[in-house]
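Residue-level structure breakdown
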Amino acid sequence: MSRRALAAVSSVLDQAASSATNILVLVLAARLSPASGFADFSMVYVTFSVLLGLNTAYVGQSVVLEKGEPLGAVCRSAVGFTGAASAAAGALLVVAGLLVPGGAGRAFLALGLVLPLVLVQDGLRYCFSALRVPERALAADALRLGCVVAALAVQPEGASAGRLVLVWGVSALPALALGLWLLRPHVRGSRTDLRPYLRRGHLGQRFAVEFAVGNGSSQLAVLGLGVFATPLAVGALRGATTLFGPLNVLFNSANAFGPPVVGRASGKRGVVRLTALMGAALAVLGAGWAAALYALPDRLGRQLLGDTWAAASALLPATGAQYAVMGLGTCALLTLRVLNPKATLSLQVVFSLLSVGLLLGGYALWGVAGAAWGLALGSAAKAAAGWLRVARLKVPAEVAAAA
């Protein structure tokens, strides 16, 4: 297997391990906790997910786009900033946990104590991506997956949310130690400099706004639909989207680990040629996955989604179309990230809000099927606008040469 093929396979498997960890944590917590305890755990895990997304946007995405500075110094500084920022955020969570009464307070207190462990461990993935050794990220994240499943599996039934959060966080220690050990040869002799992350105009600030807008708009869409729609409609959309989880792994891999690979292409034409091929491949995979799900016997479908299958399966053509064009849109944004990272913010803001409007408008006109097709139309518009911006993008000679 060639070095590039190994890197691509390792990146996808690493993202799969990370996604599996998040899914299995929720499944195990739901099985172990009473209903009230799982509600507390879910609130804490949503908080963690938001902080994880912000750290990925602010630190991780800027690390994988680095070209000028020595990568050892970049990675050492990224780890240092993540540790310092997560410790500060953890301290605030500890204070909040002490002020909030009951099980929820203890769960937030536990999250504050373990937050630096889990955020630094996850952030190492982007360092390994920038260094073009994603197989090291895979080794650490595979160990993380095994440790967290083993640690939660031995907890007693009815365990409190605070205990589960603490066990989940402490189980990151072996993977954190392995990741730091694997990173050490690359950062030996480098200095830690946190100042670039605090300066105005740091690239991660734009990516953090993009994450906030995208995450906020998706939550707004669900909230808005929950106000107007029946629970069955919301469940059908959630169920249909859940079936496309494997494609989310691929899209996240492209965003997280694509820039160092694509950046090796020659000039704008080489970058566009590579990302266009990637986008076409993802679009074909999306359409093929939708066709396979649509052909799935009802008996198997009910085993996957239970009573939600009947309503969710009716949305598969629309959701399949959405994921097919999302593949094209993901690679358009990847192209812009490599050639001109500042060109993506306006696209994310405008078309995330447009998708919310199309979802709610589609539901008002044609019910849940209209909502699903509204999401597909929003994704198609975002992809078209992204590639149009790529076509019009003027790349300075020095940037093209660096790409």
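Residues numbered from 1 in each chain as written. Predicted model: local features only at pLDDT ≥ 70, side-chain atom pairs only at ≥ 80, totals over all residues. Heavy atoms only, no water.

It is worth spelling out a nonpolar patch on the surface at this point. Residues Leu-113, Leu-166, Val-170 and Leu-173 make up a contiguous nonpolar surface patch of roughly 330 Å² in combined accessible area. Checked against the element boundaries, Leu-166 lands in helix H6 (residues 161-170). (Patch = residues over 30% accessible without salt bridge, like charges linked within 9 Å, V, L, I, M, F, W, Y side chains within 5 Å. Areas by Shrake-Rupley, 256 points an atom, 1.4 Å probe, with all protein chains shown as cover. Salt bridge = Lys/Arg side-chain N within 4 Å of Asp/Glu carboxyl O. Helix = DSSP H or I, 4+ residues; strand = E, 2+ residues; numbered from the N terminus.)

This brings us to the packing of aromatic side chains. The final tally for this structure, using the stated rule, is 5 aromatic pairs. Geometrically, the ring pair formed by Phe-48 and Trp-168 is edge-to-face, given 4.8 Å between the ring centres and 75° between the ring planes. Here Phe-48 is found in helix H2 (residues 35-64), whereas its partner Trp-168 is found in helix H6, with 120 residues between them in sequence. Take Phe-48 and Trp-168: they sit in the same class, and that class is buried. When the ring of Phe-81 is compared with that of Tyr-197, the centres are 4.8 Å apart and the planes differ by 15°; the resulting orientation is stacked. Highlighted residues: Phe-81 in helix H3 (residues 71-99) and Tyr-197 in helix H8 (residues 195-198), separated in sequence by 116 residues. The same class applies to Phe-81 as to Tyr-197, namely buried. Three or more aromatic residues link up through ring pairs in this structure, and these residues are Tyr-58, Phe-81 and Tyr-197. Its guanidinium or amino end placed over the ring of Phe-207, Arg-337 lies 4.0 Å from that ring's centre, counting from NZ or CZ. (Phe/Tyr/Trp six-rings, centres within 6.5 Å; stacked < 30°, edge-to-face > 60°. Buried < 20%, exposed > 50% of the residue type's maximum accessible area, 1.4 Å probe, protein only. Lys NZ or Arg CZ within 6 Å of the ring centre and 35° of its normal.)

On to the environment of Thr-21, then. Along the polypeptide, Thr-21 turns up in helix H1 (residues 3-32). On the basis of relative accessible area, Thr-21 is assigned to the buried category, the value being 7%. Considering only alpha carbons, one finds Thr-21 and Ala-142, 121 residues apart in sequence, at a separation of 9.0 Å. Other than its neighbours up to four places away in sequence, Thr-21 contacts Leu-145 and Val-148. (Contact = heavy atoms within 4.5 Å.)

What follows covers the side chain of Ser-62. You can see Ser-62 is positioned in helix H2. Of the polar contacts made by the side chain of Ser-62, one reaches the backbone oxygen of Val-59; its length is 2.8 Å. Not counting residues up to four positions away in its chain, the partners in contact with Ser-62 are Ala-57, Tyr-197, His-202, Gly-204 and Phe-207. (Polar contact = N/O pair within 3.5 Å; in protein donor to acceptor, adjacent residues only side chain to side chain.)

Another point: the nonpolar core. If you look at the biggest cluster of nonpolar residues, it comprises 28 residues, and the most contacted ones within it are Phe-41, Phe-48, Leu-111, Val-165 and Trp-168. Those elements that provide at least two residues to this core are H1, H2, helix H4 (102-130), helix H5 (134-153) and H6. Among the elements that line this core, the one with the most residues is H4, at 8 residues. When neighbours within four sequence positions are excluded, Phe-48 is seen to be in contact with Leu-111, Leu-115, Val-118, Leu-119 and Trp-168. Counting residues in each nonpolar core, the second largest holds 21 residues, with Val-59, Val-63, Cys-75 and Ala-130 among its members. (Core = buried A, V, L, I, M, F, W, Y, C linked by side-chain atoms within 4.5 Å.)

A positive phi angle, near 65°, is found at Arg-132, a position not held by glycine. Along the polypeptide, Arg-132 turns up in the loop between H4 and H5.

In this section: helix H7 (residues 173-187). The end-to-end C-alpha separation of H7 is 20 Å, in line with the 21 Å expected for 15 residues at 1.5 Å each. Listing the buried residues of H7 in full gives Ala-175, Leu-176, Gly-179, Leu-182, Leu-183 and Val-187. At the C-terminal side of H7, Gly-189 shows a positive phi close to 90°. (Expected span 1.5 Å × (residues − 1).)

Looking now at the state of the cysteines. Here is the idea: a disulfide is a covalent bond, and it sits between the sulfur atoms of two cysteines. A full pass over the atoms with the stated rule returns 0 disulfides. The structure places no disulfide on Cys-127, whose sulfur is separated from the nearest cysteine sulfur, that of Cys-75, by 3.9 Å. (Disulfide = S-S within 2.5 Å.)

Here the focus is the environment of Val-213. Position of Val-213 relative to the elements: it lies in helix H9 (residues 203-228). Judged by relative accessible area, which is 22%, Val-213 ranks as partly exposed. Considered as a pair, Val-213 and Val-350 are 137 residues apart in the sequence and their alpha carbons are 9.4 Å apart.

Relative to the assigned elements, Asp-122 resides in helix H4. In this structure, Asp-122 is in contact with Ser-18, Leu-52 and Thr-56, ignoring residues within four places of it in sequence.

Take the pattern of salt bridges next. Tallying each qualifying case throughout the model produces 3 salt bridges. Linking Arg-125 and Asp-141 is a salt bridge whose minimum nitrogen-to-oxygen distance equals 3.3 Å. With a gap of 16 residues between them, Arg-125 in helix H4 and Asp-141 in helix H5 connect regions that are remote in the sequence. For the pair Arg-125 and Asp-141, one class covers both residues: buried. In this structure, a network of salt bridges that share partners links the residues Asp-122, Arg-125 and Asp-141.

This part takes up the packing of H4 against H5. As a packed pair, H4 and H5 sit with axes 7 Å apart at the nearest point and diverge in direction by 155°. The angle between H4 and H5 falls in the class roughly antiparallel. For the pair H4 and H5, the sense of crossing is left-handed. Between H4, through Val-118, Gln-121, Arg-125 and Phe-128, and H5, the contact on the second element is made entirely by Pro-134, Arg-136, Ala-137, Ala-140, Asp-141 and Arg-144. Residues that form the contact of H4 with H5 fall into these classes: 5 nonpolar, 1 polar and 4 charged. (Axes fitted to C-alpha atoms, helices over the stretch in contact; angles between N-to-C directions. Parallel < 35°, antiparallel > 145°, perpendicular 65-115°, else oblique. Left-handed = near helix turned anticlockwise from the far one by under 90°. Nonpolar A, V, L, I, M, F, W, Y, C, P; charged D, E, K, R; others polar.)

By themselves, these observations are geometric and do not establish any function.
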